[in-house]
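Commentary on secondary and tertiary structure
Residue-level listing of the chains:
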Amino acid sequence: MRRLVSPVLVARGDELALLRAAAERAAAGGPAAVLIGGEAGVGKTRLVSEATAAFEAGGFLLLTGACVELGGEALAFAPLVDAARGLARALEPYDLDEALGAARPMLARLLPELEADGSPAVDVQPARLFELVLGVLGRLAAERPVALVVEDLHWGDRDTRDLLAFLVRALRDVRVLLVATYRSDELQRGHPLRRLLAELERVRSVERLELRRFSRDEVAEQLLAIRGEQTPAPVVDLVYERSEGNAFLVEEMLAVVESGGGEVVPPSLSDVLLARLDGLSEPAQRVLRAAAAAGGRVSEGLLAAVVGLPEPGLLQALREAVENHLLVVDDTGTGYRFRHALARDAVYEDMLPGERVRLHAAFGAAIETDPALAGADAVAAALAWHWYAALDLPRALEASVRAGRDATAAWLPTEASRHFERALELWERVPQAEDLTGVDHLGLLELALQAAIDATDEPRALTHAAEALAEVDREREPRRAALVLFRRADALRRLRRDAVPDLETALALLGDEPTRELAAVLAGLANAHVVASADEEARDYGQRAVDVARAIGAPDLEAAALLSLGGARGYLGDFDACIADIRAGLALATELRDFDASIRAYANLSDTLALAGRYEEAVEEAAAGVALARSVGLAHGLGAFLAGNQAEPLLRLGRLDEAEAVLDEALAQAAGPSALASPLLVKAELTVSRGRLDEARELLATARAVLGEAPPHQYQGHLCWIEAELSRQDGDVPAARRSVDRGIGAGTESLARYTWPLVALGLRVENESDEPDAARIDRLGTLAGGLDVLTPSARAFRALTGAETARAGGADDPAAWSAAVEGWRAAREPVPLGYALVRLGAALADRDERDGAGQAVAEGAELARSIGAEPLLAEAEALARRARLAVATANGRPASDDRFGLTDRELDVLRLVAAGRSNSEIGTAL
């Protein structure tokens, strides 16, 4: 048969040039990603194939994978599995082991052939898997540039989409080109890929291509390339009219013409494809119909079992289908897939309903008899789909539950949730469902609930929890009811809603018998009360959780409980006991190799040390946590978050350059909202302190977008303080007031560490206002009087707010400002210390105590200069000029020269007069 595909790429020169330019950027170490959209058949795969062939010729390592649809559902991580399989074939065993590194056990969970030396596969935790995949790409790219291609992203599961988004943001200074294709005609409103595309469009390294259809002349060019000779104009016109420039349809319609149809082209794609099918032998048609029912790809052995042809006849039928460009050999080399999904869809839709049912039943029976026929990928999922499509509901139910359990064991919660949902749909339609599945209906709801929680689908989890609670008998099965309540509390907590009532009810149902469930509920209550600042209750629940965990010999629960207990004690000001608890929890987590708990411990420890004013220790512990996160493949998530804990105490110590370096590295690596929030806010505060207000506004806007409408208390307080300080420096008193009120009104008054800065700033805003609000001053002063002073910074804030309150009352008291200065000296925080010194200087200058005023302002100015706090330095110099204090400026000149009792500006005017300038020239010069 004459070739069907053009040997040359037609009419895609600009698109190919864009891909080559992206590859050049990637090869040079710059971030590069290209998203290629277009309708089915427009030529996305062909364009990518041409481009990647050129990349490989230029030294790139090519890794490809495709998203796979199975019965309308996506297989989890299908492109990653494809890419890993291809990598295993491309590298020698030693090189493969070096490239995979720590990722091998986790990837082996998805692709068992990667297991090595009998080492057990570990749970596929998506956040860590993403980091480990990034590490693999980094090691490969150190040897040669890498092109990672993901096709058919419109069929991708959520984990695959999340992985792609992570890689787009995290790949920096790594020689990796990302290319993804998707069918734009599949993206109806509400399709999850639409949101991802909108997000990725805002990333500078991402380019989008939307492939257009061919023009009439380009169709003629395509036909010429395929046929090797000019095509008669009427045929070109007819093919163009019917294909509307779709490259795949052009090929298929030409095939009909070439096979004897003359110039009569069928009116639709389905008719075109089926006309070609009619020209094949009956065995080839049987093979194609079976392949269409198989889904995305099918092994030769499975086809043989379903079609029932003897081996010679099967091979002849397969050769005929391949030579007619309907099937192609898949990437494994052991199976087949349709050359284009449109052809598969046409063949599948043309079958009679009974024929489809029989084929799916045959696939189900064959896979049940010999699961190896389905390959290593998703055997239970394939069975669930085939039995469902075969209308064998009992088998579909049993397979769906099994597929959900398999997905849960492989830590694929999104896929598990989908299978359990189907099982719930089938339950009432299947007699003896409990006997078939080995689980009762409540148990299935519990499985679906846990899967939804693990998949971070909190709304779905709440729905399942409500159904389970309506079904469970609390008197007969109190423990079961308690577990459902505990899981619902987990979902509520993630939605930032009150989880305490559910946890308290669960606690009452569990009684006093020491169990794992009791320890988990107690630890949950401790955490919930810490967030609500019910610190005594949090401490008591935390201690009980530790006691129960120790009583049952559960070190993993004991580690978690110790961290909860430590957090509660920290907010009560019992810092020594808090730090001891956290260190004990860290030791247990380290021994258990529970890296997530260990990193959480470093986060809690560094946070507590910073709260206690032990800033150098806080920096060291946070740095240790960052190092651990990097070593276990979590640098871009938990590691970036911990960098915020490392930078904040550096900021407090006035080591702003060091803090900024830490933050810049973290923000360059961070991927995901949970990783970005802390470093974004700390850097926004730092840039405000340095007077880089436009940059601070950009950082603040990004932080707002990351955190959403309802950030947690600690973030809300920080956000509002930064907004208020920006407004204060802009001279916008109403906006500053609104930000202070919003921060305090968000509940931060229950957490003093977040409220003190807002109260102090609110009072400062009133003192700098042309029309101070006496009622606001009274309210802020009263609030300050009720806040605790358990930490050095809190005691310094108490003195500072006292001085601001006195100033607002018209008594700018040097003694009050001296107390604030000493408070900040004790807290060892140069930025507020500098401000307190400048205000002390102002109060002394008002009393004509010029020597003391000059010393205070000079020290404040020097502090500001040494740490790069430009707004504070400008304030010190402005005060020195107004008060005629001999304070050196940045250029070494005194801020005020008092030899003649004149200000700097008056001296400048005299110099210009002496130079003979006119009034207008003096005004222009000044």
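Anything mentioned here points back to the structure above.
Read on for a plain summary of the structure. (Residues numbered from 1 in each chain as written. Predicted model: local features only at pLDDT ≥ 70, side-chain atom pairs only at ≥ 80, totals over all residues. Heavy atoms only, no water.)

Here the focus is the packing of helix 28 (residues 555-571) against helix 30 (residues 595-611). Interaxial distance between helix 28 and helix 30 falls to 11 Å at its minimum, and their mutual angle equals 10°. When the axes of helix 28 and helix 30 are compared, the pair comes out roughly parallel. Counting all contacts with helix 28, which are made through Ala560, Leu563, Ser564, Gly570 and Tyr571, the residues of helix 30 involved are Ala597, Arg600, Ala601, Asn604, Asp607 and Leu611. Among the residues forming the contact of helix 28 with helix 30, the class breakdown is 6 nonpolar, 3 polar and 2 charged. (Axes fitted to C-alpha atoms, helices over the stretch in contact; angles between N-to-C directions. Helix = DSSP H or I, 4+ residues; strand = E, 2+ residues; numbered from the N terminus. Parallel < 35°, antiparallel > 145°, perpendicular 65-115°, else oblique. Contact = heavy atoms within 4.5 Å. Nonpolar A, V, L, I, M, F, W, Y, C, P; charged D, E, K, R; others polar.)

A few words now on helix 24 (residues 478-494). Residues spaced three or four apart along an α-helix point in a common direction, a consequence of the helix completing one turn every 3.6 residues. Along its 17 residues, helix 24 runs 25 Å from first to last C-alpha, staying within 8% of the 24 Å computed at 1.5 Å per residue. What helix 24 keeps buried is the set Arg480, Ala481, Ala482, Leu483, Val484, Leu485, Arg487, Ala489, Asp490, Ala491 and Leu492. (Expected span 1.5 Å × (residues − 1). Buried < 20%, exposed > 50% of the residue type's maximum accessible area, 1.4 Å probe, protein only.)

Bringing the side chain of arginine 344 into the picture now. Relative to the helices and strands, arginine 344 is located in helix 16 (residues 341-350). If we ignore the near neighbours within four places in the chain, the residues touching arginine 344 are Glu69, Trp155, Ala292, Gly295, Gly296 and Phe338.

Time to look at the sheet that holds strand 1 (residues 32-38). Spatially, 5 strands are ordered 2-5-6-1-7 in an open sheet, and the strand pairing comes out parallel. Two strands bound the open sheet, and with one partner strand each, they are strand 2 (61-66) and strand 7 (206-210). Each strand axis lies, on average, 15° off the axis of its neighbour in the sheet, ignoring direction. By the bridge criterion, 5 bridges tie strand 1 to strand 7 in an arrangement that is parallel. (Pairing = 2+ DSSP bridges.)

Spatial strand order, 8-10-9: 3 strands in an open sheet with antiparallel pairing. In the strand order of this sheet, the two ends are held by strand 8 (298-299) and strand 9 (327-329), each with one partner. Looking at chain direction, strand 8 and strand 10 (residues 335-338) are connected through 2 bridges and run antiparallel. Pairing of valine 298 across the sheet is with tyrosine 336, part of strand 10.

A word on the nonpolar core. Judged by nonpolar contacts, the single largest core of 173 residues is most densely connected at Leu63, Leu87, Leu140, Leu167, Leu178, Val287 and Leu327. Looking at this core, the element that brings in the most residues is helix 6 (residues 126-143), giving 9 residues. In terms of nonpolar packing, the next biggest core, distinct from the first, is built from 87 residues, Ile722, Val759, Ala861 and Leu873 among them. (Core = buried A, V, L, I, M, F, W, Y, C linked by side-chain atoms within 4.5 Å.)

This brings us to the packing of aromatic side chains. In this description, a pair of aromatic rings is defined by centroid distance and the angle of the planes. A complete count under the given rule lists 6 aromatic pairs for this structure. Between tryptophan 756 and phenylalanine 797, the aromatic rings sit 6.3 Å apart at their centres with planes inclined by 5°, giving stacked as the arrangement. Taken together, the positions of tryptophan 756 in helix 38 (residues 752-768) and phenylalanine 797 in helix 40 (residues 792-808) put the pair 41 residues apart, joining distant regions of the chain. Considered together, tryptophan 756 and phenylalanine 797 belong to a single accessibility category, that of buried residues. With a centroid separation of 4.9 Å and 85° between ring planes, the pair formed by phenylalanine 797 and tryptophan 824 is classed as edge-to-face. Here phenylalanine 797, found in helix 40, pairs with tryptophan 824, found in helix 41 (residues 814-827); they are 27 residues apart in sequence, far enough to count as distant. Tryptophan 824 shares its class with phenylalanine 797; the two are buried. Through a chain of ring-to-ring contacts, three or more aromatic side chains come together here, namely Phe77, Phe130 and Phe166. The ring of tyrosine 348 has arginine 356 lying over it, and the distance from NZ or CZ to the ring centre is 5.1 Å. Here arginine 422 stacks its cationic end above the ring of tyrosine 388, 4.0 Å away from the centre of that ring. (Phe/Tyr/Trp six-rings, centres within 6.5 Å; stacked < 30°, edge-to-face > 60°. Lys NZ or Arg CZ within 6 Å of the ring centre and 35° of its normal.)

A cluster of acidic residues, Glu92, Asp95, Glu98 and Glu143, forms a negative patch at the surface. Residue placement: aspartate 95 occurs in helix 4 (residues 93-100). Since its relative accessible area comes to 40%, aspartate 95 is described here as partly exposed. (Patch = residues over 30% accessible without salt bridge, like charges linked within 9 Å, V, L, I, M, F, W, Y side chains within 5 Å. Areas by Shrake-Rupley, 256 points an atom, 1.4 Å probe, with all protein chains shown as cover. Salt bridge = Lys/Arg side-chain N within 4 Å of Asp/Glu carboxyl O. Lys, Arg positive; Asp, Glu negative; His and termini not counted. Charge placed at Lys NZ, Arg CZ, Asp CG, Glu CD.)

Turning our eyes to something else, we now look at the pattern of salt bridges. With the rule as written, the count across this model stands at 68 salt bridges. In this structure, arginine 213 and glutamate 39 form a salt bridge, with 2.6 Å as the shortest nitrogen-oxygen distance. Note that arginine 213 is positioned in the loop between strand 7 and helix 9 (216-227) and glutamate 39 in the loop between strand 1 and helix 2 (44-57), a separation of 174 residues in sequence. For glutamate 768, the salt bridge goes to arginine 764, with nearest N and O atoms at 2.9 Å. Taken together, the residues span about one helical turn, with glutamate 768 and arginine 764 both in helix 38 at a distance of 4 residues. Accessibility expressed as a relative area gives 12% for arginine 764, which makes it buried. A single salt-bridge network, built from bridges that share partners, covers Asp657, Glu660, Asp664, Lys683, Arg690, Arg692 and Glu695.

Moving on to the packing of helix 30 against helix 31 (residues 615-631). Contact geometry of helix 30 with helix 31 gives a least axis separation of 8 Å together with a crossing angle of 165°. By the angle between their directions, the pair helix 30 and helix 31 is classed as roughly antiparallel. Relative to helix 31, the crossing made by helix 30 is left-handed. Contact with helix 30, carried on its side by Phe595, Ser598, Ile599, Tyr602, Leu605, Ser606, Leu609 and Ala610, involves Tyr615, Glu617, Ala618, Glu621, Ala622, Ala624, Gly625, Leu628 and Ala629 of helix 31 and no other residues of that element. For the contact of helix 30 with helix 31, the per-class residue count stands at 12 nonpolar, 3 polar and 2 charged. (Left-handed = near helix turned anticlockwise from the far one by under 90°.)

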